[in-house]
Amino acid sequence: RSRRSKQDPLTRQYQQFEKAMQQAKLPARLNSEGALDYAQRLAAHTPTTLHAQITAYTMLYLTARYQHPSTHSEKSVILELKQTLSAIKQLLPIK
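Here we summarise the structure given alongside this text. (Residues numbered from 1 in each chain as written. Predicted model: local features only at pLDDT ≥ 70, side-chain atom pairs only at ≥ 80, totals over all residues. Heavy atoms only, no water.)

1. Points about the environment of Lys 89
Stage number 1. Mapped onto the elements of the fold, Lys 89 is located in helix H5 (residues 74-91).
Stage number 2. Measuring from C-alpha to C-alpha, the distance between Lys 89 and Gln 53 comes to 9.9 Å, with 36 residues separating the pair along the chain. (Helix = DSSP H or I, 4+ residues; strand = E, 2+ residues; numbered from the N terminus.)

In structure tokens, the structure reads:
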């Protein structure tokens, strides 16, 4: 089996976020850096509007990853993450 098949959907979704940041020539997340620290570091490199979207994405990811399940199913959270990432990508200077 490939490594990808062993990863959960939340991890794969966050990796898509990291890839989008790299494609926009923004700093990559450090191995020792958590998602919230990374989002805060991106603030120095992004306009306020974009940073607000990045923060929203990060908080949604962290809530889904570390808190008890709520009324949202994993599929609905993944869909919300995808929609938020799509909004972020529209604001990024991806070439």
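2. Things to note about the nonpolar core
Stage number 1. Core analysis: the biggest nonpolar cluster contains 23 residues, and Phe 17, Met 21, Ile 54, Leu 81, Ile 88 and Leu 92 have the highest contact counts within it.
Stage number 2. Of all the secondary-structure elements, those providing two or more residues to this core are helix H2 (9-23), helix H3 (35-42), helix H4 (48-66) and H5.
Stage number 3. Residue contributions to this core peak at six residues, all from H4.
Stage number 4. Here Met 21 is in contact with Leu 26, Tyr 38, Leu 42, Ile 54, Ile 88 and Leu 92, once residues within four sequence places are set aside. (Core = buried A, V, L, I, M, F, W, Y, C linked by side-chain atoms within 4.5 Å. Buried < 20%, exposed > 50% of the residue type's maximum accessible area, 1.4 Å probe, protein only. Contact = heavy atoms within 4.5 Å.)

3. A word on unusual backbone geometry
Stage number 1. Positive phi outside glycine occurs at Lys 25, with the angle close to 65 degrees.
Stage number 2. Within the secondary structure layout, Lys 25 lies in the loop between H2 and H3.

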